[in-house]
Structures are given as C-alpha cells and as structure tokens.
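# Fold and geometry: a report
Each chain, letter by letter, is given below.
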Amino acid sequence: MRKQLTKGNEAIVKSAILAGCRTFYGYPITPASEIAEAAALYMPQAGGVFLQAESEVAAINMLYGAAAAGVRCMTASSGPGISLMQEGISYLAGAELPCVIADIMRGGPGLGNIAPEQGDYHQVVKGGGHGNYRTIVLAPDSVQEMAGLTALAFDLADEYRNPVVVLADGYIGQMMEPVEFPPASAPRPAPGWAVQGTAEARRNLITSIYLEPDGLEAHVRKLDAKYRQAEEREVRAEAWRTEDAEIVLVGYGIVARVLKAVVEQARACGLAVGLLRPITLYPFPSGELQRLSRRARMFLVVELSNGQLWEDVRLAVEGRTPVELYTRVGGNVPSAEEVLAVLWGKARPLAEREELVHG
Amino acid sequence: MASYTVAYEKSKSFFEAYERKAELQHQTHYCPGCGHGIVHKLIANAIDELGIQDRTILITPVGCSVFAYYYFDTGNIQSAHGRAAAVATAVKRARPDSIVLSYQGDGDLAAIGSAEILHAANRGEGITVIFINNAIYGMTGGQVAPTTLLGQKTTTTPFGRSEWNEGYPLKVAELLASLEAPVYIERVGLGNNKQIMQAGRAVRRAIENQVRGLGFSLVEVLSPCPTIWKLDPVDAQRRVREEMPKTFPLGVFRDRTKEAAARPRPPAPPPIAEIPRILSVANGLPRTKAESQRSTIQVDLRVKIAGFGGQGVLMLGEVLAEAGLDAGLEVSWLPSYGPEMRSGTSNCHVRLASRPIDSPLVSRPNALLALNEPSLDKFLTSVEAGGWVLYNGAALPDGCARADVHTISENFTQLADELGDSRAGNMVMLGALLEATGMLSGDSIRTALERLVKSQRWLEIDRQALGRGREVARRGGFHAS
C-alpha cells in the first residue's frame, strides 16, 4: 500500500474512522484543533456524528452518553481542556465505559503557551480525576504511530471497558510523515451491556454509584483487577540499541525521536548508549527498565516536563542504578547536540569513578 | 373470597419489586409528600400509554432522583452532576430510535448544568427534559438553589436569599423559551390533584413530541420537598400551590408541537468500501514507479526553511517532502505553529533520507532556505560545513558570509514577481536548490506539485517558477549533474 504524507492530528481522525469510530465530540484548542476540524469534515461523510460541544466538560459527558449507548467514540484536547475533562474521565472509568481521548500536549501551567510540552504526564498517566482508577495511556512518537496507536486505543478501550488516552505533544500532532493506513473496519456491534433503547437491552444500567461501602469496595477491586491484567498484558516499549548499552536514555514522544539521534551520535563517539522508549505510559514498562538496570550504569531521563516521567523511572529502577534527569519546558525541545553535551557531562564523572575503582 | 377488578395499579414501566435497592424493596426511598414519586408515576404512565417502555432510556444525574433506576424498568444511565443534557444529547444521537428522558433537579439543571441545558435546548436536541424545581438542594441537605425564593432560608442562606448576594430566582422555562429551537416548554405544579392531572398531560405531551420525532421539549415541575422545607406534606403542597407560582407562574411558554417539522433523520451511512475514498486514504493503490525503484544514492538532506508568514515557507517544505516521498525516500516535515502562522516569522524542518529518520527536528541543517534576513541571522551559524545556504536577497548582508558553505543569494521574490506573482518566490528558491544539489527528479517534483496544488493557474506559475530557479542556479555556476 502507498504511504501518504499526513499530519499527526489528521492521522488520528482517519485512523479512528477506519477503526469503525463514528462519533466525535470535542472543543477546539491549539495544538489539537486539527483533530476536531478533520472530524468535522470526515465524520458526517462517513455517516457519523460530529459536534463541537459548549465546553470540554460537556464534550467528555457526551462521550459518556455515546459510550453508554454502545458506540465507539472519541474526543481530543490539550492540557487545559484535559483538566476540564478529568471529572468526566473518572465517571467513564467508574462506569466502565470505553472511549478514546487524544491529548496533544502544550505548555502549562495555566494558560501557559501552545508550544509542545509533556507537562500533562501526571494528570493523564496517574489519572487526574477523583477516585481509584487508571487510564491506559499510549504515547506515539511518529505520525504512523498516531494512526496505529489510535486504532489500538479503541481495541484496548473495548477490551478493558476503560478510557484510553493517546498522549502526544504539539510537534507529533503538527508534523507530517508518511503513513500507511489499515483497511476500513465496519463499526462493531453494540456490546451486550450497552443501553440502547431496545427490548433486549432494557434491563441494562450504566452507573458509577455504589452506595454501600462493601459494594463500592468490590467495584474498586474489580477495576483494580483489570488494571493488574493490563499491567501484565499490555506493556509496550521500544528498546533501541540497548543490547550492550551502559547508558540508557529514557524518553517518549518527540523526545524519543531526538534521543534516537543522540544514540547514533554518542555511539559514533564511542559511548555505549541505548534508548528505552515507553509506548505505554500506563501500564509503565517497569519490567523492561529493571531488566536494563542489570547492565546499565546510568539512566538519563529526558522529558519536556519537570521530572514527571523521571519519578516513574526511579520507581521502576528501585535505586539499583543512578537515574539522571534532563528537562526542557515552556515549549523548548532540546536538540540532539544539546542532549549529547549533557550526556557527556554526566558520563565523564561516571567513567572517572570507574577508573578509581578499577585503577 | 369476593371477586374484584383492578381499577388502578402500578404502572408496567415500574419494576414489580425494587431489587436494585439494598432494603425496603417494596417502597421508594423518597420522603412522604415528596414530589419525585408523583412525577415518576406520571412519567411511567406516559411510557405505558405511548407503548415505549422498551425504547425508553432514562438519564438521572446527581440529586434525590439519582436512584430512579431502582424503579424504572427501562434503560437507565446515571450521570455526573449537571451533565444529563450532554449525556442525553449523545445517547439520542447514537440511538435515534430510543426515547431519551433527562430527569433533572434544580441544582443539577439550573446551577452546575446551566451551560449543558442551554446548549442542548438551543440545538433543539430531540430529547425530553423533566425538570423538578423544588427551590432547594434536597439530597445534600437543604442548600440554596438557583430557584430558591427570595427571602427563603436554607442552610447556605441562613438569613434568607438576598437578591444582592444570590441574585434572583432563575426562571428556567422563561429563559429557555427565549431560544428559537425548543418545541415545547411548560411549567406545571404539584399543588393539588388538578395541577397534578395537568402535570401528567404536560409530561405525556413532552414525551409524545419525541415519539413524533420533534425537537426539544421540557416540563418544569414545581414540586414539594417537605423534609427539607420543614413543612408537613399538606403545608408543603400548599406552598407549591400558593407561593411558588408568584415567582414561577404556571403555563405554556412555548408550543410549536403543531407546526414543528420532525428533526431530519441521519442519512444512511456509506458502504464501508467507500470509507477510504472519503478519507482520501490511498489504500490498495499501486506503488508509484519511483517508490518501487528506491534510489541507491545515500541521501541525508536536513533542511531548515524560514521566512515571514505568507512567503510560502510551509508550502515549500511540503513540496519538498512530497517529492521526497515520491522518490522513495524517508521524509518528515515539522512546522512552527500557532500565532506564528498568523503573523511574524514562520519556519519548518524538512528531512529527506535514505535511512529511517530519527529526529524530525533539524538542528544542524545542511540546507538553509532563508526567505528573509532575520531568518538568515538566526540560522546561518547552525548550517553544517559544506552545506547550502539560499538567501532571498541580492547579496548576503554584511557580516553574514561563511566561507565553508555554498551560498546562492538572489532576489527570489522579485524573480517570481516578474513571472506574475511574488508569492511564487518560494518555488523559485526550490528550483535553485534542486538544480544546485541535483537531488530529486523533475518527475517527483511534478507529482508533488500536482498533489498539493489544486489550481491550474498556480500549477503553471509554480512550474515556471521552478524553471526560473533552476536557471538562476545554473547561471551562478551551480549545477550538480
């Protein structure tokens, strides 16, 4: 099949429709607006629904209704809009409703700016709403993955009956790369639990209220069991030249692309450097990091946020190996040369220590 | 045993026993004298009479009626505080044949959910809203509502509601009747049996409108809350009958049920086989010739293109990336975005490579296309030794020269102007780059242009511009092959 030059944000919508999604509710925000615009263009032509809601709060609750009625549905936003959606995401998780949310991150906090950042990591990966729930989080680093992981997001949402977030940054959303799209799938039939306004589905009930403590505890345990299952089955990560790596870079999204260039340049300078790129941020590839920590002498986390990813890497590595951090925020993305310089700075003391030990 | 006939019984749309309740499954959780039970009965009767039990989906957000699903043997969706109208919107659009009832209290609909109800009404969603106005927050224990009467004491207006602090009671029926789209809006009361009979007719009508496929219908019900009002049920009902209508007059505020046209049904969806065409996704297309004959020459072009907004910076990059793709190369295109698109400077990063592209960010370009002087100033030092610098000016400004790069300085914008449109300056520059570097075939460039430029006139201008650029490069002694 032919590859087509496609913008990241547009790839999300095309992939969603090819995956049988026919429902999009959203609210515009830079740098995610092209997603709503593409949905407005394509959804009606594909026989679907597009509506620009009165707010992100309304949009996420429209997803609640659409998902309850048993159709595949999605929305897209960025930092401030995702903050507004958090209550609704908690309700969706509580009521076990599948949906896909794309977050094309911008700079924060507050109004921040519209340049690429990764500051939504905590509010998305940890679940920014109230209560004991998680969202499955997929982090594409290319336009091809914007398409592929969106399709995967729908499947995971259905399988786990849980919201799934495609977490990208402004650059991945705005850039163009060649994409090969899969064939079109028909919208799947409504699941048996959906409230559809039919005789068969009449007794179905969608709710997140459990008045009795024992009832709610059992429900939370049930959700928890799903998350444990996802942690066992759904972890995805790309290990890039890590076989012999003594220094492992860790980063996702646009940062991982820069880090691949760093790996090449560092290896040209004689450093045994590799990259671990989490593709699922929840469930987090802790096992893979633990495995790498047996050989690696240092991890360097690079992120466009203030150490949010770093926390998870340190939790995974459990103090066995030093985990260094380099961040840029505010919309700045480090160049490969810049990271390489940082890497040299951190690798040298390491090498000197080694000499002391062995010398 | 005496024989008897049943003259009046529980509506069929209610469950026989309320098994979803933890205890006391033969009775509701509502207080004696509460209006919810009455309105539930009116709704259940209407569902029975209209024969729509299987089709009905009841949406109940936070409030005392959050447990309506204990009682109604219909589809049920419990939703977040205030968001019932948004939820109902999507349910109805997903299942147009269902009958969607949004059952909301005054805190839910008129305070926290005021945006959602206003916009659902304004869109004329084909749903039915039953709005229980008891002028108080019941479930949370008696706080002020948007509909609380002036002077009324609540736990959060212990000295009585003041127009200066809480404002005036919100008149939802009147407010929504100022919109164009709603089909039917009536305010009724539960003040006595006569009022309750009228309320029953209004509820039935609001639901029947939906069965007929008409748009938005809402019934506001003035309803007693004896427990929180600290009145006995008789006095509470008297208050509904005698006091509340002074602020909330009963009556029909909108009735277009006769003349309203049915909301259009969604058109039949296209066949799945049509979807790739609709999305312009080239599934199943044969590979182009160029793609199947990958070049054996190692290419690693890292281009930074920069200029003012409107100079075609992004478009230049796009043509280059499309042509690279056509030539079977790996490509990436990354723009500066946002307010910069509207004014000021604009730049983009383009990579064309034989090998998979690691970073799409170009920090060490081997070709800089500077369409203005600030861009040259900003990026010249970043250009790799041996790389190319194309500058849109007759000569490099003083102090800008670099001996270790190839430079083509030319007033590209002016050359384009001579061809008929100064906006084609980007293509003149691209032509010069292609000629000087010898990369990409004329075929690939033509294919790219045909994909991206829809106007025949512009296609012609761009072709001429590319040719002019090639001449410039040749004349300057830059010719790769």
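### Overview of the side chain of Gln-174 of chain A
Along the chain, Gln-174 of chain A falls in helix H7 (residues 170-174). A distance of 3.1 Å separates a polar atom in the side chain of Gln-174 of chain A from the backbone oxygen of Pro-31 of chain A.

### A closer look at the sheet that holds strand E13 (residues 273-278) of chain A
All names here are of chain A. In spatial order, the strands read E11-E13-E12-E15-E16; together these five strands make up an open sheet with mixed pairing. Two strands in the sheet have a free side with no partner beyond their single neighbour: strand E11 (237-240) and strand E16 (323-327). Neighbour-to-neighbour, the strand axes of this sheet turn through a mean angle of 20°, independent of strand direction. Here four bridges tie strand E12 (residues 247-250) to strand E15 (residues 298-303), and the two strands are oriented parallel to one another. Bridge pairing in E15 links Ile-247 to Met-298. Sitting on the sheet, helix H9 (residues 254-268) is in contact with E11, E12, E13 and E15, with an inclination near 165° to E13.

### Let's talk about the domain arrangement of chain A
A common way to report how large an interface is uses the accessible area buried once the components associate. All names here are of chain A. Each domain of chain A was delimited in the assignment, giving domain 1 (4-233) and domain 2 (237-358). Contacts between domain 1 and domain 2 engage 33 residues on the former and 27 residues on the latter. Its largest share of buried area at the contact with domain 2, domain 1 owes to Gln-118, Tyr-121 and Asp-141, together 31% of the area lost on that side. Across the pair Asp-312 and Lys-126 runs a salt bridge whose closest N-O atoms are separated by 2.5 Å. On inspection of domain 1 and its partner domain 2, the count reaches 20 residue pairs in polar contact (both at pLDDT 80 or more). For the side of domain 1 that touches domain 2, the elements supplying multiple residues, two or more each, are strand E6 (113-116), helix H5 (121-125), strand E7 (136-138), helix H6 (143-160), strand E8 (163-169), H7 and helix H8 (213-233). Here the element with the most residues in the side of domain 1 that touches domain 2 is H8; it accounts for four residues.

### Section: the pairing of strand E10 (residues 345-353) of chain B
Every regular strand shows the same layout, with side chains that alternate between the two sheet faces. Residues and elements named next belong to chain B. In terms of burial, E10 is largely enclosed, as eight of its nine residues are buried. The pairing of strand E8 (residues 300-308) with E10 spans nine bridges and is classified as antiparallel. Bridge pairing in E10 places Lys-304 opposite His-349. Here strand E9 (residues 330-335) pairs with E10 via six bridges, running antiparallel. Residue pairing in the sheet places Pro-335 in a bridge with Cys-348 of E10.

### A short note on the state of the cysteines
Within the structure shown, the criterion is met by zero disulfides over all chains. Cysteine Cys-99 of chain A shares no disulfide, and the gap to the nearest cysteine sulfur, in Cys-73 of chain A, comes to 5.5 Å. The thiol of Cys-64 of chain B is unpaired, and the distance to the nearest cysteine sulfur, on Cys-225 of chain B, comes to 6.4 Å. Its relative accessible area of 29% is what places Cys-64 of chain B among the partly exposed residues.

### Here we look at helix H16 (residues 425-437) of chain B
All names here are of chain B. For H16, built from 13 residues, the straight-helix expectation of 18 Å at 1.5 Å per residue is met to within 8% by its first-to-last C-alpha distance of 18 Å. The element H16 is largely enclosed, with a buried count of twelve among its 13 residues. Considered for burial, the residues of H16 that qualify are Gly-425, Asn-426, Met-427, Val-428, Met-429, Leu-430, Gly-431, Ala-432, Leu-433, Leu-434, Glu-435 and Ala-436. Within two residues after H16, Gly-438 carries a phi angle of roughly 70°, on the positive side.

### Examining the interface of chain A and chain B
At the junction of the two partners, chain A supplies 77 residues and chain B supplies 73 residues. Summed over both sides, the interface between chain A and chain B buries roughly 6,100 Å², with carbon and sulfur atoms accounting for 63% of that surface. On the chain A side of the contact with chain B, Arg-2, Glu-54 and Arg-202 of chain A bury the most area, a combined 13% of that side's loss. Across the chain A-chain B interface, the total number found is five salt bridges. Ionic pairing is found between Arg-203 of chain A and Asp-73 of chain B, a salt bridge with its closest N-O pair at 2.7 Å. At the boundary of chain A with chain B, the tally comes to 21 residue pairs in polar contact (both at pLDDT 80 or more).

Scoring rules and cut-offs
- Residues numbered from 1 in each chain as written.
- Chains lettered and ligands numbered in written order.
- Predicted model: local features only at pLDDT ≥ 70, side-chain atom pairs only at ≥ 80, totals over all residues.
- Heavy atoms only, no water.
- Helix = DSSP H or I, 4+ residues; strand = E, 2+ residues; numbered from the N terminus.
- Polar contact = N/O pair within 3.5 Å; in protein donor to acceptor, adjacent residues only side chain to side chain.
- Pairing = 2+ DSSP bridges.
- Axes fitted to C-alpha atoms, helices over the stretch in contact; angles between N-to-C directions.
- Contact = heavy atoms within 4.5 Å.
- Domains from an automatic or database assignment.
- Buried area = accessible area lost by both parts, 1.4 Å probe.
- Salt bridge = Lys/Arg side-chain N within 4 Å of Asp/Glu carboxyl O.
- Buried < 20%, exposed > 50% of the residue type's maximum accessible area, 1.4 Å probe, protein only.
- Disulfide = S-S within 2.5 Å.
- Expected span 1.5 Å × (residues − 1).

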